[in-house]
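Now for the letters of each chain:
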6 protein chains.
Amino acid sequence: MVSYTINLLLTGTTKRGLDPSGAPMASATDMRNTRHFIASGQSALPMDSHGDFWTGANVFNSGNLKLDLLHNFFLELGARANKMRVYSMVDDPTAREMVGYLLVRGGVHAMAYAKALETYTGVEVTKLLPIPDMSNEAFPEAKKFMEQGMHRKLYTFSQDDYRQAGIIWNGNHPEDGKPLEFIHGAMEGVPAPDLEPEPQLNAPGGEDFDPQMFSDIARKMGIKYDY
Amino acid sequence: MVSYTINLLLTGTTKRGLDPSGAPMASATDMRNTRHFIASGQSALPMDSHGDFWTGANVFNSGNLKLDLLHNFFLELGARANKMRVYSMVDDPTAREMVGYLLVRGGVHAMAYAKALETYTGVEVTKLLPIPDMSNEAFPEAKKFMEQGMHRKLYTFSQDDYRQAGIIWNGNHPEDGKPLEFIHGAMEGVPAPDLEPEPQLNAPGGEDFDPQMFSDIARKMGIKYDY
Amino acid sequence: MVSYTINLLLTGTTKRGLDPSGAPMASATDMRNTRHFIASGQSALPMDSHGDFWTGANVFNSGNLKLDLLHNFFLELGARANKMRVYSMVDDPTAREMVGYLLVRGGVHAMAYAKALETYTGVEVTKLLPIPDMSNEAFPEAKKFMEQGMHRKLYTFSQDDYRQAGIIWNGNHPEDGKPLEFIHGAMEGVPAPDLEPEPQLNAPGGEDFDPQMFSDIARKMGIKYDY
Amino acid sequence: MVSYTINLLLTGTTKRGLDPSGAPMASATDMRNTRHFIASGQSALPMDSHGDFWTGANVFNSGNLKLDLLHNFFLELGARANKMRVYSMVDDPTAREMVGYLLVRGGVHAMAYAKALETYTGVEVTKLLPIPDMSNEAFPEAKKFMEQGMHRKLYTFSQDDYRQAGIIWNGNHPEDGKPLEFIHGAMEGVPAPDLEPEPQLNAPGGEDFDPQMFSDIARKMGIKYDY
Amino acid sequence: MVSYTINLLLTGTTKRGLDPSGAPMASATDMRNTRHFIASGQSALPMDSHGDFWTGANVFNSGNLKLDLLHNFFLELGARANKMRVYSMVDDPTAREMVGYLLVRGGVHAMAYAKALETYTGVEVTKLLPIPDMSNEAFPEAKKFMEQGMHRKLYTFSQDDYRQAGIIWNGNHPEDGKPLEFIHGAMEGVPAPDLEPEPQLNAPGGEDFDPQMFSDIARKMGIKYDY
Amino acid sequence: MVSYTINLLLTGTTKRGLDPSGAPMASATDMRNTRHFIASGQSALPMDSHGDFWTGANVFNSGNLKLDLLHNFFLELGARANKMRVYSMVDDPTAREMVGYLLVRGGVHAMAYAKALETYTGVEVTKLLPIPDMSNEAFPEAKKFMEQGMHRKLYTFSQDDYRQAGIIWNGNHPEDGKPLEFIHGAMEGVPAPDLEPEPQLNAPGGEDFDPQMFSDIARKMGIKYDY
């Protein structure tokens, strides 16, 4: 969802049209991170807010379960602090909707690691939360997702895998006291919008490209194909 | 499969046992990449052969379909050259089995990008292959996988997704003239071995950890749980 | 030429004058890449548009001719995509002149690698062009250079070296059907402007520096010297 | 002092207040380096002006005294060039005060390395100064610190250590001919301001935090404690 | 102490002597990290075991006290896991002595952050320890330092600063139930050995260097100076 | 010359032959830097001894002449220290020949920057040399090149350019008092050896490659072509 939202935030900032002499992407020179425009087709890239690429060094895999849980618990909370500040920096409703959603769902992950440590060690790690101290309720867009109970639901995103995660995701949520829900499968989503190509970005659709040809081959092969 | 094989190559190189004063991991000081041992639980990490972590800069996403296909075509072939040299450097049968497999399956990917460019543009890109010029048949372990037809099969790894990939993956393989196979779903695999924890690596299994407790909770929740 | 043009684009953005208390470089705080100003004398540096330095990892040298040609072919086209977007982002005539020139001359390089692959393998790689699909003709400044035939000329930049490059650079250009020209030596250029030192940047010209002394020594040594 | 001044320059750029829906940090989106805001509590971070982190590769330790002195001599002068340009870029009085101070005190370090080389080798290295050629006197804020003699004072910042540094720091300053001062101990400073927490940055002060509890424990332990 | 010990481990691995044609540093070609030899005077450098330099990105400063404590708590434990593995890899008594010391003193730091979180939040964070699960007692060299009570002592390394740290460092150590000690000042140390220059490394001592001259100046200035 | 020598040092370490199942590159697994083998065709790459790629950050361009000269003077001496240590680490005659040559010719560069600073400022910078303190005469291979006067010769490597460099390169060499030589043009070299392709490295020469075809085209074009 994050990359879809980033793409939605990027698209439309430039003008549409094939004539480069009109400088259809002139507005990109005022963006902080021009990499989304110069080196990519106006789409999300695996980098931080500063345009620095993620590296494999961000992957933590110690071989010790307790340490890995502690790392991920910390990581989610560090991410939460950064999300809270990004929220405080932006006015755009799409950006706020995304950050609000991330605060709630990231909060689920932090809670899940806390509960895993709690089940494992008996120490009441969940009582450390929230870190930072401010509740997600202070963010209107996050609150809206909490009213839908999104902060209490852990999904397996599969019918078969991760079934044993229910061992740690049970009981009540400490913030509202309502029962945690463990859900086999994924949430019912909204289809990701299939954005039109942006011709000024040299996306497919030029003269060489023949959708009809692809449709013909697909038809012969009995494949449903809507380019 | 790569990371499983790397894990198999790493495990067993050190001695088992909880007593650190016996220097059970002494052999690791002779390894080229000690990160697998010092900073990880003897498991695969997202880094290159030199221990340098991958970065997001390796992700290429130009926004132009033809350029992306050309990039990935090149990328698979650059990877193939490196695999060929790694094969020439190693005697270990597990390592050779992995590299042989990678040569064949990576060859499928190179061919797939070539065929996509060919379908799109009409230029016979597949005739550039093999790059480098030597056939996979020169590698006995690769040849074995080719005799199973692994070089002609493209999998979707899903019953629902990527169905339209059959548009490009059809016709015959240029090396042996036999028909390409497009397979909805995944190959029948061999279960990844579930390696025992290695106590000298501080994996779970210490005195605080109580498998019985987990089993009890799981049983109450009706979850099948074999730790 | 790129670095000269970058220098011309950088110079004059700041005020001239030795008195720092007038903040003669104040305008630099609004530049995206302040490295050109803080860490360099308002001159081109070996970095990307984001201010990240190039690294030796950008050098590709596989040891296999076909793979190297394919890599460089791809590289020129990836660069072309980025140039097209930079063109679409800028209004400045000097910037557009530079990008237009780069599109045409970079196009020569892409074509040269394509023709090398074509000569080597017989596969009509040049028919993949243009990638991205839009012709350079869509860019007025590029078109101007094409009217001078710049897209059909390959220079050796030497009277002695690279003579065998003519083996691949012959025949007609696919876009306009006119004959390719292989030129021993360099194009007749325009002398790079010898910019005056910028005193606010602490360039030479301070009280310690005595051009007369240099001229005197040069005269005694019979060297023509115009500082 | 640098980090305190950076912190003073950062604080107050955002609005105070706990309600994130008012976007109290909106102004940070216009900052060149948002890392101070997104990834830190509006405080100085170990990075350059571009937001790139310092690395251990900046530490030079050759094992040869003369080479180390030459390196540090160069390093101070390279830093001086950058400071001169930053001064020329900023109008803010706090920023200029900091840069003026750094020019003077960094000048002491450059001179100290020059004098060490001079004592060691007999070559009059100090006569190479100033590099760049402009005197610190051209910068009004630096001149003010020079009128306090700050360019002639070398501190040990300890009563016991570095006593032998006086071997090289003696004689007169080449710019004004007045005697160099070697001072055992530190300059009398001004207490660093103890900035209040910024609630919008989730600094301590939330509901879980009980200053009274800390004061009580401190009192019992006989510790003076003013949170 | 770490860098002194590293230096002790490095020194003596090469032969002494000024004649390079004897290849006095030949043994360094078998070292994993040749940077200590090629790019430094056989001394500790700010890099990891792989020769990759530390960066400022390792500094964590979130602006939120609880999050910073949690980060540092995790960090000490991640470091502990790596130390435990390094111990298991080395036989050298000096290396084991260093790692044993680091396990004990790093354990103090982990405990200190745990107690800070405990004091702050009331959650019994210290009960999560030890992470990884194995006690330091399993490491003979660490056990020796524990018998000296080193695991129970927190030093301020100053007579004036950090006095309020006693607020969190009190009570008993959970492993042996003995009282924690909060010590104003530093431990009584052993003077760091003042290693002789290594002539093959071009350390000072060449023909240009005149210790007598330094002694003479020092004597005139009343400085005790024993080069 | 460095890259040619590196290539000569790399070639022959592996066995020749096309059959990968003989593990013709097995010896490469014992090399410190496997990148020359896995990711390149056994040829020099732009990286340091540790396999870390050079970056554009190594380019120093301050805009101030005196500072640039000082930087390059330091840089040559830092490089000299590293070369001295590499010499002390290697026994191989080819490696020693290369390092001996680099010590002498790098010494010319250090001297040239020193003389430029001397001419510019009047400070006798050349008297700081040698840094590190040991003379190149201590290295037998370097001494051999000095007996050929290689330490006194500055080449322009061009008939037309850099003619004014003679302004600084005149007088006598401080080490042997013999006159410096300023030479318009290049030294008479030895042709770089044209190494045969290494078939196990997938260099050109495979079945697809037809030298005859190239010769035929070349002959028709009147180009001398000896593949």
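Refer to the structure presented above.
Remember, predicted model here, so these are calculated numbers, not experimental data.

(A) Inspection of the packing of aromatic side chains at higher detail. Using the criterion set out here, one finds 27 aromatic pairs over all chains in the structure. Measuring from ring centre to ring centre gives 5.2 Å for B:Phe74 and C:Phe60, while their planes differ by 75°; the resulting arrangement is edge-to-face. Of this pair, B:Phe74 sits in helix α3 (residues 65–89) while C:Phe60 sits in the loop between α2 (35–38) and α3 (65–89), each in a different chain. A centroid spacing of 5.3 Å and a plane angle of 75° characterise the contact between D:Tyr101 and D:Phe145, whose relative ring orientation is edge-to-face. Residue D:Tyr101 is located in helix α4 (residues 93–121), and its partner D:Phe145 is located in helix α5 (residues 140–147); the two are separated by 44 residues in the primary sequence.

(B) Structural detail: the pattern of salt bridges. Following the criterion strictly, the structure yields 42 salt bridges over all chains and no others. One salt bridge connects A:Asp91 with A:Arg96, and the closest N-O pair in it is separated by 4.0 Å. A:Asp91 sits in the exposed class, given a relative accessible area of 56%. In this structure, C:Lys127 and C:Glu124 form a salt bridge, with 3.5 Å as the shortest nitrogen-oxygen distance. Look at C:Glu124 and you get partly exposed, because its relative accessible area is 41%.

(C) Up close: the packing of helix α4 (residues 93–121) of chain F against helix α5 (residues 140–147) of chain F. All names here are of chain F. At a closest axis distance of 7 Å, the pairing of α4 and α5 adopts a crossing angle of 50°. The angle between α4 and α5 falls in the class oblique. Considering the relative orientation of α4 and α5, their crossing is right-handed. Contacts between α4 and α5 involve Arg96, Glu97, Gly100, Tyr101, Leu103 and Val104 from the former and Glu141, Ala142, Lys144, Phe145 and Met146 from the latter. Its residues assigned to classes, the contact of α4 with α5 comprises six nonpolar, one polar and four charged.

(D) Spatial organisation of the interface of chain A and chain C. The interface of chain A with chain C comprises 29 residues on the first partner and 22 residues on the second. A buried area of about 2,000 Å², summed over both sides, lies between chain A and chain C, and 53% of it is on carbon and sulfur atoms. At the surface where chain A touches chain C, the tally comes to two salt bridges. For the salt bridge of A:Arg35 with C:Asp52, the shortest nitrogen-to-oxygen distance reads 3.0 Å. Applying the counting criterion to the chain A and chain C interface returns eight residue pairs in polar contact (both at pLDDT 80 or more).

(E) Representation of the relation of the copies chain A and chain C. With an RMSD of 0.1 Å, the operation that places chain A on chain C is a rotation of 120° combined with a shift of 0.0 Å along the axis. With respect to symmetry, the two chain copies, as superposed, fit the operation of a three-fold axis. Residue A:Arg32 of chain A places its C-alpha closer to the rotation axis than any other residue of that unit, at 4.5 Å. Interface residue correspondence from chain A to chain C reaches only 10%, placing this contact among heterologous pairings that use different surfaces.

(F) Quick peek at the side chain of D:Thr5. Residues and elements named next belong to chain D. Along the polypeptide, threonine 5 turns up in helix α1 (residues 2–10). Overall, threonine 5 belongs to the buried group, its relative accessible area being 8%. With near-sequence residues (within four places) excluded, threonine 5 lies in contact with Thr94 and Met98.

(G) Spatial organisation of the environment of E:Gly56. Here E:Gly56 is to be found in the loop between α2 (35–38) and α3 (65–89). Excluding residues that lie within four positions of it along the chain, E:Gly56 makes contacts with D:Pro46, D:Phe53 and D:Trp54.

(H) View of α3(C). Residue and element names in this part refer to chain C. Over its 25 residues, α3 extends 36 Å from the first C-alpha to the last, a length consistent with the 36 Å expected when each residue adds 1.5 Å. Burial runs high along α3: 19 of the 25 residues are buried. Measuring from the backbone nitrogen of lysine 66 back to the side-chain oxygen at the start of α3 gives 3.2 Å, which picks out asparagine 64 as the cap.

(I) Summary view of unusual backbone geometry. Cis rather than trans, the peptide bond between C:Leu129 and C:Pro130 has omega equal to -5°. Looking at the element boundaries, C:Pro130 is found in the loop between α4 (93–121) and α5 (140–147). Unusually for a residue other than glycine, A:Tyr162 sits at a positive phi of about 60°. Its relative accessible area of 57% is what places A:Tyr162 among the exposed residues.

(J) Geometry of the arrangement of the chains. One thing to see here is that chain C and chain E don't touch, and their nearest C-alpha atoms sit 16 Å from each other. At no point do chain A and chain F touch; the closest pair of C-alpha atoms across them sits 16 Å apart.

(K) Looking closely at the environment of B:Arg16. All names here are of chain B. Here arginine 16 shows up in the loop between α1 (2–10) and α2 (35–38). With 183 residues separating them in the primary sequence, arginine 16 and proline 199 have C-alpha atoms 6.7 Å apart. Discounting residues that sit within four places of it in the chain, arginine 16 has contacts with Glu196, Pro197, Glu198, Pro199 and Gln200.

Quick notes on the rules
Residues numbered from 1 in each chain as written. Chains lettered and ligands numbered in written order. Predicted model: local features only at pLDDT ≥ 70, side-chain atom pairs only at ≥ 80, totals over all residues. Heavy atoms only, no water. Phe/Tyr/Trp six-rings, centres within 6.5 Å; stacked < 30°, edge-to-face > 60°. Helix = DSSP H or I, 4+ residues; strand = E, 2+ residues; numbered from the N terminus. Salt bridge = Lys/Arg side-chain N within 4 Å of Asp/Glu carboxyl O. Buried < 20%, exposed > 50% of the residue type's maximum accessible area, 1.4 Å probe, protein only. Axes fitted to C-alpha atoms, helices over the stretch in contact; angles between N-to-C directions. Parallel < 35°, antiparallel > 145°, perpendicular 65-115°, else oblique. Left-handed = near helix turned anticlockwise from the far one by under 90°. Contact = heavy atoms within 4.5 Å. Nonpolar A, V, L, I, M, F, W, Y, C, P; charged D, E, K, R; others polar. Buried area = accessible area lost by both parts, 1.4 Å probe. Polar contact = N/O pair within 3.5 Å; in protein donor to acceptor, adjacent residues only side chain to side chain. Least-squares fit on C-alpha atoms with pLDDT ≥ 70 in both. Expected span 1.5 Å × (residues − 1).

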